[in-house]
Amino acid sequence: MSGFQYINITIESWSILFCILAVAIVTAGLHIDQKIKRYILSVFLCLAVMLCSDIGSVLIARFQIFPDNRILYTLTFLGNIISYILSFQFICFLLYLVGQHAPDAAKRGKRNVLITARLLLLGEILLLVISQFTGILYFFDDNRSCQRGRLYLLSILFLFAFLVLDSYILIRFRDALQTKIMIPLCCCIIFPLAAIILQFYVIELRLLHFSCALSSITLLIFAFHMQVDQYIAGEKQLAEMQSAVMLSQIQPHFLHNSLVSIAQLCEKDPQQAKEAIINFSEYLRGNMDSLKEKKPIPFRRELEHLKHYLYLEKMRFGPFLKIKLDIQATDFQIPVLSLQPLAENAIRHGVGMKDEGGTVIISSRETGNHFEICIIDDGVGFQTFSPFSDKEEHIGISNVRRRLYALCRGTLAVISTPGKGTAVTIRIPKEVDTHENTGGR
């Protein structure tokens, strides 16, 4: 085995190990867009398969493992076809990235680029199949050494065409991508392009494969950038939802009604007015403290805050509002301010809409794999396909559902029958890794 072959195998072996490590790192990434993750994983896996096929063909030829050249042709065919699939996948990956940042522009340019890329892929596959029988792209001599065929340059032109398409996408949609994303993506084009040019002068070294390994390093750097960006965006969105929920609970009409009720009590029953003021202050403090909470809190604490809110509503509605608590399980955690929006909907949009009032039942229990919380009212109900005409209330429910899933992997289900009432059920799995579901905070 020549020195160049040793260099090739060494570089490719280390590149395969790097691809395996990169696959593990990207797979474990919690904050990478799932489709981007699939694209990056497909690139690393394709590269690993391509490098393995090349190493296998060299070892088989060197040590005469199989006397028949069909195995050599098969491995070489596999390595070549994977390289073109890799090029096509990278184009799809770039188009998806552009589509995320400039959907309208990407939609206009995506069709022609994809058609061109598919034609290039089909054309090269056809040439590779023909070459298996004619040797127009490559063949093996009597020493089982791979030699270039008379149309070898055509296969290089196909690779060059893929790189031109990559460059076209980045240049045309450069305004849609951030600079820190553009740099590693440009490296994924520049390295193979330089390798194609140098390969004509350094035949013994497989520079194209080495350039792909370098490109995979920059792609991993890109994945890290995406993970950081997704994490920051997720933190920002969670903070916005937290603030939106908190602000939605301190609504002017609720504050006004509560203060008016307390003012009336000051004349009729000062002692009850004092108790109402204490509940009102505890309610406000609970809402303010919620801004500091990023992790789930004990259910007991959330229940105490809910009781302050229910006390104030009960003070307002009097005998028209009945509250029943059936708390059988408390040893679990829940996102802060998750229950009040649901109780408020039960009161405002449920029993509060009936002339005779009604009852709100709040219960918690432990099942086999979940903790379950139910908020049931016998109010007017609604059509489940159009829950609330009030946009703010709909956003409040959506925020609770998203925070339940993000922080506890919990679910929220709503069942309602017009004229009979509504039941909201929260299910929180018992086996939840709090560290994982809070994004490692």
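Below or above, wherever it landed, is the structure these notes cover.

Quick word on the pairing of strand 9 (residues 421–429)
Here is step 1 of the chain: Looking at chain direction, strand 7 (residues 370–377) and strand 9 are connected through eight bridges and run antiparallel. Paired with Ile 376 across the bridge in strand 9 is Ala 423.
Here is step 2 of the chain: Summarising the sheet, strand 8 (residues 411–417) and strand 9 pair through seven bridges and their orientation is antiparallel. The residue of strand 9 that forms the bridge with Ser 416 is Thr 422.
Here is step 3 of the chain: Between strand 8 and the antiparallel strand that follows it, strand 9, lie three residues; Gly 419 among them carries a positive phi value of about 90 degrees.

A look at a nonpolar patch on the surface
Here is step 1 of the chain: On the surface, Leu 151, Leu 153, Leu 154, Leu 157, Ile 197, Leu 198, Phe 200 and Tyr 201 cluster together to form a nonpolar patch covering roughly 780 Å² of accessible area.
Here is step 2 of the chain: No other element matches the three residues that helix 5 (residues 152–172) contributes to the nonpolar patch.

Considering unusual backbone geometry
Here is step 1 of the chain: In this structure, Leu 337 is a non-glycine residue whose phi angle is positive, near 55 degrees.
Here is step 2 of the chain: On the secondary structure map, Leu 337 appears in the loop between strand 5 (333–334) and helix 11 (340–350).
Here is step 3 of the chain: Of note, the phi angle at Arg 409 is positive, near 55 degrees, even though the residue is not glycine.

Observations regarding the pattern of salt bridges
Here is step 1 of the chain: If you walk through the whole model with that rule in mind, you get eight salt bridges.
Here is step 2 of the chain: The shortest N-O distance in the salt bridge between Glu 282 and Arg 285 comes to 2.8 Å. Within this pair, Glu 282 and its partner Arg 285 are both found in helix 9 (residues 270–290), separated by three residues, close to a single helical turn.
Here is step 3 of the chain: Judged by relative accessible area, which is 26%, Glu 282 ranks as partly exposed.
Here is step 4 of the chain: What makes Arg 285 partly exposed here is its relative accessible area of 49%.
Here is step 5 of the chain: The network of salt bridges with shared partners includes Arg 365, Glu 372 and Arg 427.

Comments concerning the sheet that holds strand 6 (residues 358–366)
Here is step 1 of the chain: Taken together, the five strands give an open sheet; going across it, the order is 4-6-7-9-8, and neighbouring strands pair in mixed fashion. In this open sheet, the two strands that pair with only one neighbour each are strand 4 (321–327) and strand 8. Across the sheet, the mean angle separating the axes of adjacent strands is 10 degrees when strand polarity is ignored.
Here is step 2 of the chain: Taken strand by strand, helix 10 (residues 299–317) contacts strand 4, strand 6 and strand 7, and its axis lies near 165 degrees from that of strand 4.
Here is step 3 of the chain: Each of strand 4, strand 6, strand 7, strand 8 and strand 9 is contacted by helix 11, which is oriented at about 20 degrees to strand 7, the strand it contacts most.

A few points about helix 11
Here is step 1 of the chain: Most of helix 11 sits inside the fold, with nine of its eleven residues counted as buried.
Here is step 2 of the chain: Along helix 11, the residues that are buried comprise Gln 340, Pro 341, Leu 342, Ala 343, Glu 344, Asn 345, Ala 346, Ile 347 and Gly 350.

A look at the packing of aromatic side chains
Here is step 1 of the chain: Counting across every chain of the model gives ten aromatic pairs.
Here is step 2 of the chain: Ring plane angle 85 degrees and centroid distance 5.1 Å describe the contact between Tyr 73 and Phe 140, whose orientation is recorded as edge-to-face. Here Phe 140 lies in strand 1 (residues 138–140) and Tyr 73 lies in helix 3 (residues 70–101), a separation of 67 residues in the sequence. No difference in accessibility class separates Tyr 73 from Phe 140, as the two residues are buried.
Here is step 3 of the chain: Geometrically, the ring pair formed by Tyr 283 and Tyr 309 is tilted, given 6.1 Å between the ring centres and 35 degrees between the ring planes. Residue Tyr 283 is located in helix 9, and its partner Tyr 309 is located in helix 10; the two are separated by 26 residues in the primary sequence. Judged on exposure class, the residue Tyr 283 and its partner Tyr 309 are both buried.
Here is step 4 of the chain: An aromatic cluster of three or more residues is present, and its members are Tyr 39, Phe 90, Phe 93 and Tyr 96.
Here is step 5 of the chain: When the ring centre of Tyr 405 is taken as origin, the NZ or CZ atom of Arg 409, which lies over that ring, is 4.8 Å away.
Here is step 6 of the chain: One cation-aromatic arrangement involves Lys 430 over Phe 371; the distance from NZ or CZ to the ring centre is 5.7 Å.

Thoughts on the packing of helix 10 against helix 11
Between two packed helices, both the angle of their axes relative to each other and the distance between the axes serve to describe the pair.
Here is step 1 of the chain: Between helix 10 and helix 11, whose axes approach to 10 Å, the crossing angle comes to 20 degrees. Here helix 11 runs roughly parallel to helix 10, going by the angle between their axes. When you trace helix 10 past helix 11, the crossing you get is right-handed. Side by side, helix 10 and helix 11 meet where Glu 302, His 305, Leu 306, Tyr 309, Leu 310, Glu 313 and Phe 317 of the first sit next to Gln 340, Ala 343, Glu 344 and Ile 347 of the second.

Concerning the packing of helix 5 against helix 6 (residues 179–199)
Here is step 1 of the chain: Where helix 5 contacts helix 6, the two axes come as close as 10 Å, and the packing angle between them is 160 degrees. The pairing of helix 5 with helix 6 is recorded here as roughly antiparallel in orientation. Judged by the twist between their axes, the crossing of helix 5 over helix 6 is left-handed. In contact with Tyr 152, Ile 156, Leu 159, Phe 160, Leu 163, Asp 166, Ser 167 and Leu 170 of helix 5, helix 6 contributes Met 182, Leu 185, Cys 186, Ile 189, Pro 192, Leu 193, Ile 196 and Gln 199.
Here is step 2 of the chain: Counted by class, the contact of helix 5 with helix 6 contains 13 nonpolar, two polar and one charged residues.

So, how was this worked out
- Residues numbered from 1 in each chain as written.
- Predicted model: local features only at pLDDT ≥ 70, side-chain atom pairs only at ≥ 80, totals over all residues.
- Heavy atoms only, no water.
- Pairing = 2+ DSSP bridges.
- Helix = DSSP H or I, 4+ residues; strand = E, 2+ residues; numbered from the N terminus.
- Patch = residues over 30% accessible without salt bridge, like charges linked within 9 Å, V, L, I, M, F, W, Y side chains within 5 Å.
- Areas by Shrake-Rupley, 256 points an atom, 1.4 Å probe, with all protein chains shown as cover.
- Salt bridge = Lys/Arg side-chain N within 4 Å of Asp/Glu carboxyl O.
- Buried < 20%, exposed > 50% of the residue type's maximum accessible area, 1.4 Å probe, protein only.
- Axes fitted to C-alpha atoms, helices over the stretch in contact; angles between N-to-C directions.
- Contact = heavy atoms within 4.5 Å.
- Phe/Tyr/Trp six-rings, centres within 6.5 Å; stacked < 30°, edge-to-face > 60°.
- Lys NZ or Arg CZ within 6 Å of the ring centre and 35° of its normal.
- Parallel < 35°, antiparallel > 145°, perpendicular 65-115°, else oblique.
- Left-handed = near helix turned anticlockwise from the far one by under 90°.
- Nonpolar A, V, L, I, M, F, W, Y, C, P; charged D, E, K, R; others polar.

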